[in-house]
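# Survey of secondary and tertiary structure
This is what each chain is made of:
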Amino acid sequence: MKKPSLPTVSPATSGVLRRTLLGGAVLLALTALAGLLAFLTRDDAPAEKPKPEASSPHEGSPPAAPSASPSLTDPGPDRVEAGSRPETGDPVDFGKAAARALWSYDTRSTSHKEHLAELRTWMTGESRYADWASVKRQLPDAVLWERMSENKQRATAEAAEGRFPQAFKDAMANEPGAITEAYVYVVTVHGRQSLTWTGSGAGAEARSVTLAVQCRPEQPCGLVGVLPQVLP
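Please read all numbers here as calculations on a predicted model, not as lab measurements.

## A look at the overall build of the chain
Within the chain, the secondary structure is distributed over seven helices and five strands. The N-to-C order of helical and strand elements in the chain reads α-α-α-β-α-α-α-β-α-β-β-β. Sequence-distant contacts, at least 24 apart, represent 72% of the contacts inside the chain between residues at least 6 apart. Counting only carbon and sulfur atoms, one obtains 51% of the accessible surface of the chain, whose full area is about 10,800 Å².

Here you go:
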């Protein structure tokens with residue numbers, strides 16, 4: 001039996017993510033981060049009270065912003081399967097965990113509604129930046145979920161590599177202080193999704209995604225949204 005295909009990413013994204021990260025069609029030229037910098041340096045950006053956060057970011061050279069900012073160095077591989085939302089302040093670690101969560105599911109034990117509810121807990125609590133619509137586009141809809149459930153389809157995932165795209169690093173090098181308004185980082189994750197279904201059905205495929213992640217100093221990271229294209 002042929003496994004159902006997961007939906008592809010829409011070429012459009014919602015208004016918030018477009019304003020904060022994409023800059024419209026300029027994404028094709030990898031200059032969308034200019035829009036991010038302009039938006040995040042607006043005078044009316046919200047102030048947040050920091051909350052204690054136990055984990056520390058990766059070692060390395062941070063952008064020329066406050067010392068609490070996460071590093072722009074690229075971490076090594078991570079083969080751990082998806083789990084609950086991590087309490088980490090490192091955007092790359094969080095991005096890899098979020099990608100595993102997006103690529104993992106079990107239709108045998110979880111309903112479509114429950115699956116969406118679980119993933120929604122990964123979103124940032126700042127509604128101004130959260131773009132749930134862009135995340136939901138990555139997921140099976142209710143009709144497809146039902147078909148997958150009939151086949152007892154489930155998937156596990158691994159995140160082999162996570163890094164800041166070059167366009168984001170270039171933008172940060174040009175205006176390092178811009179991140180200090182909303183602390184929204186861009187993370188590209190490459191990994192692998194393994195699927196099984198009724199009988200001996202099994203398969204695997206490479207997966208890649210570029211995420212927007214918010215990591216304010218001394219606070220756990222939260223997911224902002226998913227970009228419509230993967231940035232190298």
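## A look at the sheet that holds strand β2 (residues 154–163)
Note on sheets: strands pair through backbone hydrogen bonds, and any given pair is parallel or antiparallel. If you walk across this open sheet you meet the five strands as β1-β2-β3-β4-β5, and the pairing is antiparallel. Unpaired on one side and paired on the other, β1 (105–106) and β5 (222–226) mark the two borders of the sheet. Looking at chain direction, strand β3 (residues 184–196) and strand β4 (residues 202–214) are connected through 13 bridges and run antiparallel. Bridge pairing in β4 links Gly191 to Arg207.

## Some thoughts on the pairing of β3
On any regular strand, side chains alternate: one points to one face of the sheet, the next to the other face. Bridging between β2 and β3 involves nine bridges; their strand directions are antiparallel. Considered in β3, the bridge of Thr156 is made with Ser194. Count of turn residues in the β3/β4 antiparallel hairpin: five residues, of which Gly199 carries a positive phi of about 75°.

## Regarding helix α6 (residues 142–150)
Among all positions in α6, only Leu144, Trp145 and Met148 are buried. Each buried residue of α6 lies within a common arc of 100° when the element is viewed along its axis, so the set occupies one face. Summarising the geometry of α6, the exposed residues directed more than 90 degrees from the buried face are Val143 and Glu150. Its buried side turned inward, α6 meets β1 and α4 (112–120). The N-cap of α6, judged by a side-chain oxygen 3.2 Å from the amide nitrogen of Val143 a few residues on, is Asp141. One or two steps after α6, the chain reaches Lys152, where phi turns positive at roughly 55°.

## Side note on the confidence of the model for the chain
Scored by pLDDT, the chain has a mean of 75; 64% of the residues are at 70 or more. Mean pLDDT values over the elements of the chain span from 45, in helix α2 (residues 33–40), up to 97, in helix α3 (residues 91–103). Segment residues 73–82: pLDDT under 50, and 32 contacts once partners within four positions in sequence are set aside and those in other chains are kept.

## Remarks on the pairing of β4
Here β4 pairs with β5 via four bridges, running antiparallel. Pairing of Leu211 across the sheet is with Val226, part of β5.

## Focus: the packing of aromatic side chains
Per the counting criterion, the structure on display carries five aromatic pairs. With a centroid separation of 5.6 Å and 50° between ring planes, the pair formed by Phe94 and Trp122 is classed as tilted. Here Trp122 lies in the loop between α4 and α5 (132–136) and Phe94 lies in helix α3, a separation of 28 residues in the sequence. According to the relative accessible area criterion, Phe94 is buried, its value standing at 0%. The class of Trp122 is buried, set by a relative accessible area of 5%.

Cut-offs and rules
Residues numbered from 1 in each chain as written. Predicted model: local features only at pLDDT ≥ 70, side-chain atom pairs only at ≥ 80, totals over all residues. Heavy atoms only, no water. Helix = DSSP H or I, 4+ residues; strand = E, 2+ residues; numbered from the N terminus. Contact = heavy atoms within 4.5 Å. Areas by Shrake-Rupley, 256 points an atom, 1.4 Å probe, with all protein chains shown as cover. Pairing = 2+ DSSP bridges. Buried < 20%, exposed > 50% of the residue type's maximum accessible area, 1.4 Å probe, protein only. Arc of directions from axis to C-beta. Polar contact = N/O pair within 3.5 Å; in protein donor to acceptor, adjacent residues only side chain to side chain. pLDDT = per-residue confidence, 0-100. Phe/Tyr/Trp six-rings, centres within 6.5 Å; stacked < 30°, edge-to-face > 60°.

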